[in-house]
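Residues per chain are reported as follows:
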Amino acid sequence: MSGTQQVARPLVRSLRQATSTTATCQSRPIVAAIRQFSSTPSRSDEPTTTTPAGSDAQKLAADAAVLVQKKASEITAIKQGSEEELAKLLSPELGSRRRRAAIATTGDIPFEQLPYQCFQEARKVLAKDREEKIAKIKAELARIKRIEQTDASTYRGGEVFKQKRLESLRKHVEELKIQADINDPMVKRRFEDGHGDMNKPIYRYLAENKWRSMDYKIITQRIHQFNIVPDILPKFDPTMDVKMTFRGYKAPPGTILDSLITESPPNLRMQVFNSGERLLSVVVMDSDVPNPETDSYGRRLHFMVTNIPWCPTSTSLNLHRLNSKASSESPQGGLPEDGTLAIPWLPPTAQKGSPYHRLSVFVLEHNNNQPLDLAKLKEMYGGREGFSLKSFRDKFDLNPVGFTLFRSVWDEHTAEVMARHGIPGADVEFKQPRVHSLKPPRKARGWEAKRQKPKYKSLWKYSKRIKGLKY
């Protein structure tokens, strides 16, 4: 039996009983077809029909009456469990087939009042456990308040010990808040529906676990696969989720994009997992710029925006809108809503014959939430060439927290993009020089050496290295 049929079975059985009862005796109410909730199992000699009392029983009876009036085709579609037929009843955005079938068969009954006895008994156990956790939270908060009012001189370690103790207790309170709500089905339902409040620690905890289950593993693999460490930074471990889209196209980390798509800046969807508001900077750099003079590769800054206020409820950063604004519109010392543009977007390009270019997108957090001086950034990095992320991090006391990347190669649109933005080098083509071996030519041996005499001239066509002959 499929999961959809298991969910729908209890109410379908009740509907059949209600239908048969109303067919035999019209004066008998439909309430008699529904068994009353009980905290104990039914006895073998207990009557099969009871009369429920209270508002819950009346609500269940009304919902059952609504279900009786449903079309037979709808009930058949739910019972068959066909994805196409089920999608006609409820939108696939509501979740899995099992959940949509349960919603369709339970009518307008709220989620927390679903007529499953085991489910309701489990909610009582979870509610009791939550009350215990809340009591512990209140006790820890009172303890924190008492320590805050205590003079630091009473501790052997002084103010340093007091602050460490307070920090440890606050961390423990956050863990208790998570444990109080981690098993609540309503919390998990809101999170799966995307309605969770990221200001609450439980939703940040669930979001971080979901990110670390797959997306974190992919981005760390790309960091080592494309040698971001140690080519750009000596060490780096991302702690925030960063996703990138170009004109609505979702760009997975490390994908090769057409030059027409990357002609305008991307949109970033960023999610942090710790509380509080902070300031961020976004840097886009190319770490594979060929330098024919030194026969090596350099680095180039393609984009920089700084002083971005960000909190756990923030989700999207439109870099295209920031790039379209003139830098003069932003106040010099202020903090605009979306940040301040320091270096405008330069379309990434790769010249013909050069290997792919790694375009890295770094998100850096400002320590102590100190804003950066826009004039100083333009003076230092206005030339774009020779940009060093490690030097930028050390000079302005920044901490890299997020990362994604894409790659760029020569394609059929690169020349026109370079001409449109005045980027030189479209007529340059790089060719790999031929490297001759330093070893002397290898002398003929074996079969070839034996049959180089005129006696075996008829067999020379089968040999690749015949002395004095060229093919």
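Starting afresh in each chain, residues are numbered from 1 along the sequence in its written order. Per-residue local features of the predicted model are confined to residues with pLDDT of at least 70, and side-chain atom pairs are confined, for both listing and counting, to 80 or more; whole-chain, interface and lining totals are unaffected and use all residues. As a rule here, side-chain values cover all heavy atoms of the structure and leave hydrogens and water aside.

An unreviewed UniProt entry lists the protein under the name Large ribosomal subunit protein mL38, with Podospora anserina as the source organism. UniProt positions are given in the numbering used here, feature names are shortened, and annotations may be inferred rather than shown by experiment. Of the protein, the UniProt comment under Sequence similarities (unreviewed entry) reads exactly: "Belongs to the phosphatidylethanolamine-binding protein family. Mitochondrion-specific ribosomal protein mL38 subfamily." The Subcellular location (unreviewed entry) comment attached to the protein in UniProt states, word for word, "Mitochondrion".

Could you clarify how one ought to interpret the overall build of the protein in this entry?
Helices and strands together make up the secondary structure of the protein, namely 16 helices and 10 strands. The cut-offs for exposure are 20% and 50% of the maximum accessible area for each residue type, with area from a 1.4 Å probe on protein chains only; residues under the lower value are buried, those over the upper are exposed, and the others partly exposed. A burial count over the protein gives 37% of its 471 residues as buried. By sequence separation, contacts in the protein at least 24 residues apart represent 68% of the contacts at least 6 residues apart. Accessible surface for the protein amounts to roughly 28,700 Å². Of this, 52% is attributable to carbon and sulfur atoms. Helix and strand definitions here come from DSSP, where helices need a minimum of 4 consecutive H or I residues and strands a minimum of 2 consecutive E residues; each element is numbered from the N-terminal end. Contacts are assigned to residue pairs that have any heavy atoms within 4.5 Å of one another. Note on areas: Shrake-Rupley, 1.4 Å probe, and residue coverage restricted to the protein chains presented here.

Looking at this structure, I do not really get the pattern of salt bridges. What am I missing?
Pairing between side chains becomes possible if they bear opposite charge and their charged atoms approach one another. Criterion for a salt bridge: a side-chain nitrogen of Lys or Arg within 4 Å of a carboxyl oxygen of Asp or Glu. Taken as a whole and judged by the stated rule, the model has 16 salt bridges. For the salt bridge of D241 with K243, the shortest nitrogen-to-oxygen distance reads 2.7 Å. One continuous salt-bridge network, built from bridges that share partners, spans D215, D241 and K243.

Which parts of the structure should I look at to understand unusual backbone geometry?
In most cases, non-glycine residues show a negative phi, while peptide bonds are predominantly trans. Backbone torsion omega between V229 and P230 reads 15°, so that peptide bond is classified as cis. Residue position: P230 is located in helix α11 (residues 228–231). The residue D295 is not glycine, and still its phi comes out positive at about 55°. The topology assignment puts D295 in the loop between β5 (278–291) and β6 (296–310). Backbone geometry places D397, a non-glycine residue, at a positive phi of 55°. By secondary structure assignment, the location of D397 is in the loop between α14 (389–396) and β10 (398–408). Look at D397 and you get partly exposed, because its relative accessible area is 41%.

Explain the packing of aromatic side chains to me, please; I cannot follow it from the model alone.
Both the distance between ring centres and the angle between the ring planes are used here to describe each pair of aromatic rings. Note on ring pairs: Phe, Tyr and Trp rings are taken, using the six-membered ring of Trp, and paired if centres are within 6.5 Å. Classes follow the plane angle, with under 30 degrees stacked, over 60 edge-to-face and the rest tilted. A complete count under the given rule lists 13 aromatic pairs for this structure. Relative to Y216, the ring of W211 has its centre 5.3 Å away and its plane inclined at 65°; by these criteria the two rings are edge-to-face. For W211, a relative accessible area of 4% corresponds to the buried category. Following the ring pairs from residue to residue traces out a cluster consisting of Y381, F387, F392 and F396. Only when the NZ of Lys or the CZ of Arg is both within 6 Å of the ring centre and within 35 degrees of the ring normal is a charge said to sit over the ring. We note R212 situated over the ring of Y216; from NZ or CZ to the ring centre the distance is 4.6 Å. Taking the ring centre of Y356 as reference, the NZ or CZ of R407 above it sits at 4.7 Å.

What am I meant to see in the sheet that holds strand β3 (residues 256–257) here?
Neighbouring strands of a sheet are bound in pairs by backbone hydrogen bonds; such pairs are parallel or else antiparallel. In this analysis, strands are considered paired if DSSP registers two or more bridges between them. Strand order across the open sheet formed by six strands is β3-β10-β9-β5-β6-β8, with mixed pairing between neighbours. Of all the strands in the sheet, just β3 and β8 (340–343) have a single pairing partner and so form its edges. Here β6 pairs with β8 via three bridges, running antiparallel. Looking at β8, one finds that T306 is bridged to T340.

Sorry, what's going on with the packing of helix α9 (residues 201–213) against helix α10 (residues 215–225) here?
Two numbers describe a pair of packed helices, the interaxial angle and the distance between the axes. Axis definition: a line fit to C-alpha positions, over the contact stretch in the case of helices; interaxial angles, taken between N-to-C directions, run 0 to 180 degrees. The geometry of α9 relative to α10 is characterised by a closest axis approach of 3 Å and an angle of 45° between their N-to-C directions. By the angle between their directions, the pair α9 and α10 is classed as oblique. Taking contact as the criterion, the partners of W211, R212 and S213 in α9 are, on α10, D215, Y216 and K217. Tallied by class, the residues present in the contact of α9 with α10 amount to two nonpolar, one polar and three charged. Orientation labels follow simple angle bins: below 35 degrees gives roughly parallel, above 145 gives roughly antiparallel, 65 to 115 gives roughly perpendicular, and whatever is left gives oblique. Throughout, the ten residues Ala, Val, Leu, Ile, Met, Phe, Trp, Tyr, Cys and Pro are labelled nonpolar, Asp, Glu, Lys and Arg are labelled charged, and all others, Gly among them, are labelled polar.

Mind showing me how you'd approach α14 here?
For an α-helix the count is 3.6 residues per turn, leaving residues at separations of three or four pointing the same way. Burial in α14 covers these residues: L389, F392, R393 and F396. Projected down its long axis, α14 shows its buried positions confined to an angular sector of 100°, all on one face. Where α14 ends, the next residue or the one after it, D397, has phi of about 55°, a positive value. What the arc measures is the spread of directions leading from the helix axis to the C-beta atoms.

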